[in-house]
Amino acid sequence: MLSLEQLVRKNIWSLAPYSSARDEYSGKEAHVFLDANENPYNSPYDRYPDPLQRELKQLLKKVKGVPEDMIFLGNGSDEPIDLAYRIFCEPGRDNVVAIEPTYGMYKVCADINDVEYRRVLLDDKFEMHADELLAACDERTKIVWICSPNNPTGNSLCRDEIMKVIESFQGIVIVDEAYIDFAQQQSLRTELVSHENLIILQTMSKAWASAAIRLGMAFASREIINIYNKVKYPYNVNLLTQQQAMEMLKDPFEVDKWVKILLDERQRLMQAFQDLPLCEQVFRTDANFFLARVTDAQRIYDYLVDRGIIVRNRNRVTLCQNCLRITIGTRSENAELLAALRQF
Ligand SMILES: *Cc1c(COP(=O)(O)O)cnc(C)c1O
């Protein structure tokens, strides 16, 4: 790996971050706070929240086994995705490499930041080949994006291939594990200590059933997390989000129960799909959704919309011609989808 100083943009490396009142004084003993121009009424919403979300990170440490100073929290995963470009990629000069098809935000943020986005096609089984990704990199490639389990394909990518990219690439490898809580595959969190170029993204939006609160996580080396903390907005995770996330993390067994139910439902729904005349292929998945190739994705999509049922039409996505992406819902929602499709 190149040194972090070689990888980070010069202006970011030398950035003097904004120092908030809560940064300058963060001890517990004081009881009169006249330092942040807050209004003293309307507790607890009158006060700026903890800019580093320390209490929340303590809980996350227990659940995820990652030390607090190796965790960055953002406004959804979108924030650590965008910040990665702003930290590492010189607009108009640097490039990133990503698997294709994958999650759309990597490309959108590349475009916003004026960074060239290079796509490396998965094979017809939606597998990734490390050598092909590495071959697409050059001396201006700062980041390689890998999503596993991948969206929209659903499959986990081969761990050996991912590790090969992490171990061979000179820059930053970001592995998006938004769906890892549904997966048979293990998280790469255990690889963080030995791989300083690895950033892992997770989120409260999927298995944790908290998409509304917008909380995304990045796990990485202390050095990388420090840079993230320098670049982020000072109070990027609001108090309500921090509180609700802590509520959820206090009962992780509830999430385990949901995951188990959804995996059972997934099994049932995929089985039923295979017997539908309109279904040509159901792709294997490690997430809370699956991709199905159907006879005519657009017509079936429109038909379902007319019945108030919305799935994701991925017909226009590379390698996903005539594919619908189906999120696993409750038992009755899934039954309603099946009933409608049987009448198509
Ligand atoms: C849904 C999803 C996310 C989550 O994004 P948030 O901003 O945290 O809600 C991240 N990555 C992938 C691949 C996703 O599908």
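Reading the values: the criteria
- Counting restarts for each chain, with residues numbered from 1 along the sequence as it is written.
- Note on the predicted model: pLDDT of at least 70 is required for a residue's local features to be given, and 80 or more for side-chain atom pairs to be given and counted; whole-chain, interface and lining totals, by contrast, use all residues.
- Working from all heavy atoms in the structure, the side-chain values ignore hydrogens and water.
- Nearness is defined per residue: one heavy atom within 4 Å of the molecule or strand is enough.
- Here a polar contact is taken to be a pair of N or O atoms separated by no more than 3.5 Å, where protein atoms must pair a possible hydrogen donor with a possible acceptor and residues adjacent in sequence count only if both atoms sit in side chains.
- Three classes are used, and their members are as follows: Ala, Val, Leu, Ile, Met, Phe, Trp, Tyr, Cys and Pro are nonpolar, Asp, Glu, Lys and Arg are charged, and the others, Gly among them, are polar.
- Between any two strands, pairing holds if DSSP finds at least two bridges.
- The helix count covers DSSP runs of H or I at least four residues long, the strand count covers runs of E at least two residues long, and both are numbered beginning at the N terminus.
- Think of it in three bands: residues with accessible area under 20% of the maximum for their type are buried, residues over 50% are exposed, and the middle band is partly exposed, with areas taken using a 1.4 Å probe on protein chains only.
- Neither His nor the chain ends is counted toward charge; the positive residues are Lys and Arg and the negative residues Asp and Glu.
- Salt bridge, as used here, is a side-chain nitrogen of Lys or Arg placed within 4 Å of a carboxyl oxygen of Asp or Glu.
- Contact definition: two residues touch when any of their heavy atoms are within 4.5 Å.
- Any two cysteine sulfur atoms lying within 2.5 Å of each other are counted as a disulfide.
- Residues belong to one nonpolar core when they are buried, are Ala, Val, Leu, Ile, Met, Phe, Trp, Tyr or Cys, and are joined through side-chain atoms within 4.5 Å.
- Each cavity reported here is a set of points on a 1 Å grid over the protein atoms alone in which a 1.4 Å probe fits but cannot get out, each pocket an open set with protein on both sides within 12 Å along at least five of seven lines, and each lining residue one with an atom within 4 Å of a point.
- Grid points are joined across faces, edges and corners, and a volume is the space filled by probe spheres set on the points.
- Under the pairing criterion, centres of Phe, Tyr and Trp rings, with the six-membered ring standing for Trp, must be within 6.5 Å; the plane angle then separates stacked pairs below 30 degrees from edge-to-face pairs above 60, leaving the rest tilted.
- Axis definition: a line fitted to C-alpha atoms, limited for helices to the stretch in contact. Angles are taken between N-to-C directions and run from 0 to 180 degrees.

J.: How do you make sense of the site of the ligand when you look at a structure like this?
T.: Within the structure, the ligand sits among 14 residues, and Tyr179, Thr203, Ser205, Lys206 and Arg214 are positioned closest to it. Interatomic distance of 2.7 Å between a side-chain N/O atom of Asp176 and a nitrogen atom of the ligand. Residue Arg214 places a side-chain N or O atom 2.6 Å away from an oxygen atom belonging to the ligand. In terms of residue class, the shell around the ligand is made up of five nonpolar, five polar and four charged.

J.: Whenever I open this one, the sheet that holds strand E8 (residues 279-282) confuses me. Can you help?
T.: To summarise the sheet geometry, strands pair through backbone hydrogen bonds and adopt either a parallel or an antiparallel arrangement. One open sheet accounts for four strands, arranged E8-E9-E11-E10; its pairing is antiparallel. The open sheet has two free edges, formed respectively by E8 and strand E10 (312-313), since each of these has just one partner strand. The pairing of E8 with strand E9 (residues 289-294) spans three bridges and is antiparallel. Note that in E9 the partner of Val282 across the bridge is Ala292.

J.: Can you help me understand the side chain of Arg314 in this one?
T.: Tracing the backbone through its elements, the reader meets Arg314 in the loop between E10 and strand E11 (323-327). Look at Arg314: it is buried, it has no salt bridge, and the nearest opposite charge is Glu100 at 9.4 Å. Sequence-distant contacts of Arg314, that is, excluding residues within four places in its chain, are made with Pro152, Leu291, Cys320, Cys323 and Arg325.

J.: Where do I start with the pairing of E9 in this structure?
T.: A regular strand places its side chains so that they alternate between the two faces of the sheet. Counting buried positions over the six residues of E9 gives five, a clear majority of the element. In terms of strand pairing, E9 meets E11 through five bridges, oriented antiparallel. Across the sheet, the residue bridging to Phe289 is Thr327, located in E11.

J.: Is there a simple way to think about the state of the cysteines in this case?
T.: By definition, a disulfide links two cysteine residues through a covalent bond between their sulfur atoms. Under the defined criterion, the tally for this structure stands at zero disulfides. Free cysteine: Cys137, not disulfide-bonded; nearest cysteine sulfur from Cys89 at 12 Å. By relative accessible area, which is 17% here, Cys137 ends up buried. Of all cysteine sulfurs, the one in Cys320 lies closest to Cys323, which takes part in no disulfide; the gap is 5.1 Å.

J.: Can you walk me through the nonpolar core in this structure?
T.: Side chains of nonpolar character tend, in soluble globular proteins, to be buried together. Met128, Leu133, Ile146 and Val165 are the most contacted members of the largest nonpolar core, which totals 53 residues. Grouped together as the second largest cluster of nonpolar side chains are 33 residues, Val96, Tyr106, Cys109 and Ile174 included.

J.: Looking at this model, I keep getting lost on the environment of Ala110. Mind explaining?
T.: Here Ala110 is to be found in helix H6 (residues 105-112). Separated by 14 residues in the primary sequence, Ala110 and Asp124 place their C-alpha atoms 26 Å from one another. Beyond its immediate chain neighbours, meaning those up to four positions away, Ala110 contacts Tyr85, Val115 and Tyr117.

J.: Got a minute to help me understand empty space enclosed by the protein in this structure?
T.: In this approach, a probe sized like a water molecule rolls over the atoms, and the result shows the empty space that is left. For the structure shown, the criterion picks out one cavity of 30 Å³ or more. By volume, the largest cavity amounts to about 80 Å³. If you trace the largest cavity, you find it lined by Ser148, Pro149, Ser156, Leu157, Arg159, Ile162, Val175, Glu177, Ile180, Gln185, Gln186 and Leu188. Split by residue class, the lining of the largest cavity holds six nonpolar, four polar and two charged.

J.: What's the story with the packing of aromatic side chains in this structure? I'm lost.
T.: For any two aromatic rings, the description comes down to two numbers: the centre-to-centre distance and the angle of the planes. As enumerated under the stated definition, the model contains nine aromatic pairs in all. Look at Phe126 and Phe283: their rings are 4.9 Å apart centre to centre, the planes differ by 55 degrees, and that puts the pair in the tilted class. Of this pair, Phe126 sits in the loop between strand E3 (116-121) and helix H7 (130-135) while Phe283 sits in the loop between E8 and E9, and the two are 157 residues apart along the sequence. In this pair, the class of Phe126 matches that of Phe283, namely buried. Ring plane angle 80 degrees and centroid distance 5.0 Å describe the contact between Tyr303 and Phe344, whose orientation is recorded as edge-to-face.

J.: Where do I start with the sheet that holds strand E7 (residues 216-219) in this structure?
T.: Taken together, the seven strands give an open sheet; going across it, the order is E1-E7-E6-E5-E4-E2-E3, and neighbouring strands pair in mixed fashion. In the strand order of this sheet, the two ends are held by strand E1 (71-74) and E3, each with one partner. Geometrically, the sheet is characterised by an average inter-axis angle of 20 degrees between neighbouring strands, direction not taken into account. Contacts from H6 reach E3, strand E4 (141-147) and strand E5 (172-176) within the one sheet, and its direction differs from that of E3 by about 155 degrees.

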